[in-house]
Amino acid sequence: MKILIIRHGEPDYALDSLTPQGFKEVELLAEKLSKQPISAVYCSPLGRAQRTAEPTAKKLGLGIETLPWLREFNGQIGDYENPGKTRFPWNLPPRFWMGQPELYDREAWKQNAVVREGNMVQRWEETVAEFNVLLEQHGCRREENGLYRCDANPDTTIALFCHFGMGMLLVGYLAHISPFMMWQNFFMPTSSVTTLITEEREKGELFFKCMQLGDTSHLYKGGENVSGSGLYPEFFGGEGCGPQV
């Protein structure tokens, strides 16, 4: 089984759609994905993700199944700068998160004091539960040890069109990595494709491995630049798009 996690094209947040550049990106993306044996297309309900999925689904001759839980992850943590308030958990200043050792651990992050001030743990648990329901529909059942049980590993590819925060959370969950480490240390450019494949060393026992993270080869092939949407400036004082994803 193969899972493709695709971030939406360059966004126009005011319209919850795509920029002109974003529409160019998703046409190139559709050309790339149309050559893959994708059997199902799942999508966030947000407009920027829907506009990204539509060209690919059309080329594949598939419908789009909208999954409400695939919208951008909305769990929040306590705002360490403003007591009593909350904030989204990605794009934290390095000086803060590097001083929080629990955030490095795949389980201990849930016990961090700042995390427990918000609803992130609850939202995370709800999200991964929904994700496992989806995988079980494709024959893969998660066991308590984190492995997946599948009587007949399906030779199928599913595509999930979503957002940076949600996409990184799902990759971290399958790779047994704290979501904070995924959000802070890695990046998915707009319209990028992240590929996870199953590894079946024992019959019926599956483990997911990330083969590619944030692939934008379709943009290079089409002569388009990779957008920095969602990144802070590379150099202090430079122009950047900031934390919206």
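Basis of the calculations
- Every chain's residues receive numbers from 1 upward, in the order its sequence appears when written.
- Local features in this predicted model are restricted to residues whose pLDDT is 70 or higher, and side-chain atom pairs enter the listing and the counts only when it is 80 or higher, whereas totals over whole chains, interfaces and linings include all residues.
- Calculation of side-chain values draws on the structure's entire complement of heavy atoms; hydrogens and water are dropped beforehand.
- The term salt bridge refers to a side-chain nitrogen of Lys or Arg lying within 4 Å of a carboxyl oxygen of Asp or Glu.
- Secondary structure elements are defined from DSSP: runs of H or I of at least 4 residues count as helices, runs of E of at least 2 residues count as strands, and each element is numbered from the N terminus.
- Using a 1.4 Å probe on the protein chains alone, a residue whose accessible area is under 20% of its type maximum counts as buried, one over 50% counts as exposed, and one in between counts as partly exposed.
- Here a polar contact is recorded for every N or O atom pair within 3.5 Å, except that within protein the pair must consist of a potential hydrogen donor and a potential acceptor, and residues adjacent in sequence are included only if both atoms are side-chain atoms.
- In this description, contact between two residues means that some pair of their heavy atoms is separated by no more than 4.5 Å.
- The axes are straight lines fitted to the C-alpha atoms, using for helices just the contacting stretch, and the angles between their N-to-C directions are given from 0 to 180°.
- Roughly parallel means an angle under 35 degrees; roughly antiparallel means over 145; roughly perpendicular covers 65 to 115; every other angle is labelled oblique.
- The classification used treats Ala, Val, Leu, Ile, Met, Phe, Trp, Tyr, Cys and Pro as nonpolar, Asp, Glu, Lys and Arg as charged, and all other residues, Gly among them, as polar.
- Classification of ring pairs uses Phe, Tyr and Trp, with its six-membered ring standing for Trp, and accepts pairs whose centres are within 6.5 Å; under 30 degrees between planes counts as stacked, over 60 as edge-to-face, and the remaining range as tilted.
- Multiplying 1.5 Å by the residue count of a helix minus one yields the expected span of that helix.
- Crossing handedness: left-handed means the near helix sits turned counterclockwise from the far one by under a right angle, and right-handed means the same turn made clockwise.
- Arc definition: it is the arc formed by the directions from the helix axis to the C-beta atoms.

**Re the pattern of salt bridges**
Here's step 1: In this structure the tally under the stated criterion is 13 salt bridges.
Here's step 2: Two residues, D215 and K32, come together in a salt bridge whose shortest N-O distance is 2.9 Å. Here D215, found in strand 12 (residues 205-215), pairs with K32, found in helix 1 (residues 20-33); they are 183 residues apart in sequence, far enough to count as distant.
Here's step 3: The exposure class of D215 is buried, given its relative accessible area of 13%.
Here's step 4: Put simply, E107 and K110 hold a salt bridge, and the shortest N to O gap is 3.0 Å.
Here's step 5: Sharing partners across several salt bridges, the network here consists of E31, K35 and K59.

**Quick look at the side chain of S44**
Here's step 1: Here S44 lies in the loop between strand 4 (38-43) and helix 2 (47-60).
Here's step 2: Engagement of the side chain of S44 in a polar contact is seen with the backbone nitrogen of L46, the distance being 3.1 Å.
Here's step 3: In this structure S44 touches A49, Q50, T66, L67, L70, R71, F161, C162 and H163, once residues within four positions along its chain are discounted.

**A short note on unusual backbone geometry**
Here's step 1: The backbone phi angle of D16 is positive, close to 50 degrees, even though this residue is not glycine.
Here's step 2: On the secondary structure map, D16 appears in the loop between strand 2 (11-12) and strand 3 (17-18).

**Quick look at the packing of helix 5 (residues 120-137) against helix 6 (residues 164-175)**
Here's step 1: Running from N to C, helix 5 and helix 6 cross one another at 70 degrees; their axes reach a closest spacing of 11 Å. Judged on the interaxial angle alone, helix 6 and helix 5 are roughly perpendicular. Every residue of helix 6 that contacts helix 5 at W124, T127, V128, F131, N132 and L135 is listed here: M166, L169, L170, Y173 and L174.
Here's step 2: A class-by-class count of the residues in the contact of helix 5 with helix 6 yields 9 nonpolar, 2 polar and no charged.

**A look at the packing of aromatic side chains**
Here's step 1: One pass over the full model with this rule turns up 13 aromatic pairs.
Here's step 2: Residues Y148 and F208 carry aromatic rings whose centres are separated by 5.3 Å and whose planes lie at 90 degrees to one another, so their mutual orientation is edge-to-face. Of this pair, Y148 sits in strand 9 (residues 148-149) while F208 sits in strand 12; the two residues are 60 residues apart in sequence, bridging distant segments of the chain.
Here's step 3: For Y148, a relative accessible area of 2% translates into the label buried.
Here's step 4: Grouping aromatic residues by their ring pairs yields a cluster made of W69, F73, F88, W90, W109, W124, F131, Y173, F180 and W183.

**Remarks on helix 6**
It helps to recall that an α-helix has 3.6 residues per turn; residues three or four apart then point in one direction.
Here's step 1: For helix 6, built from 12 residues, the straight-helix expectation of 16 Å at 1.5 Å per residue is met to within 8% by its first-to-last C-alpha distance of 16 Å.
Here's step 2: Turning to helix 6, its buried residues number three or more, namely F164, G165, M166, G167, M168, L169, L170, V171, G172, Y173 and L174.
Here's step 3: Immediately downstream of helix 6, the backbone of H176 shows phi near 60 degrees, a positive value.

**Here we look at the environment of G172**
Here's step 1: Following the sequence through the fold, G172 ends up in helix 6.
Here's step 2: Note: C-alpha distance between G172 and W183 (11 residues apart in sequence) is 9.1 Å.
Here's step 3: Other than its neighbours up to four places away in sequence, G172 contacts I177 and M182.

**With respect to the packing of helix 1 against helix 2**
Here's step 1: Interhelical geometry of helix 1 versus helix 2 gives an angle of 35 degrees and a closest axis separation of 8 Å. Crossing geometry of helix 1 relative to helix 2 is assigned as right-handed. Residues F23, V26, E27, L29, A30, E31 and L33 of helix 1 form the contact with helix 2, whose participating residues are R51, T52, P55, T56, K59 and L60.
Here's step 2: Across the contact of helix 1 with helix 2, the residue classes break down as 7 nonpolar, 2 polar and 4 charged.

**Section: helix 1**
Here's step 1: With 14 residues, helix 1 extends 20 Å from end C-alpha to end C-alpha; this agrees with the ideal 20 Å at 1.5 Å per step.
Here's step 2: Buried within helix 1 we find G22, E25, V26, L29, A30 and L33. Along helix 1, the residues classed as buried sweep out an arc of 140 degrees about the axis, all on the same side.

**Considering the environment of N119**
Here's step 1: For N119, the location among the structural elements is in the loop between helix 4 (113-116) and helix 5.
Here's step 2: Between the C-alpha atom of N119 and that of T86, which follows or precedes it by 33 residues, the distance is 9.0 Å.
Here's step 3: The contacts of N119, once residues within four sequence positions are left out, are N74, G75 and Q76.
Here's step 4: Polar contacts involving the side chain of N119 include one to the main-chain amide nitrogen of Q76, which spans 2.7 Å.

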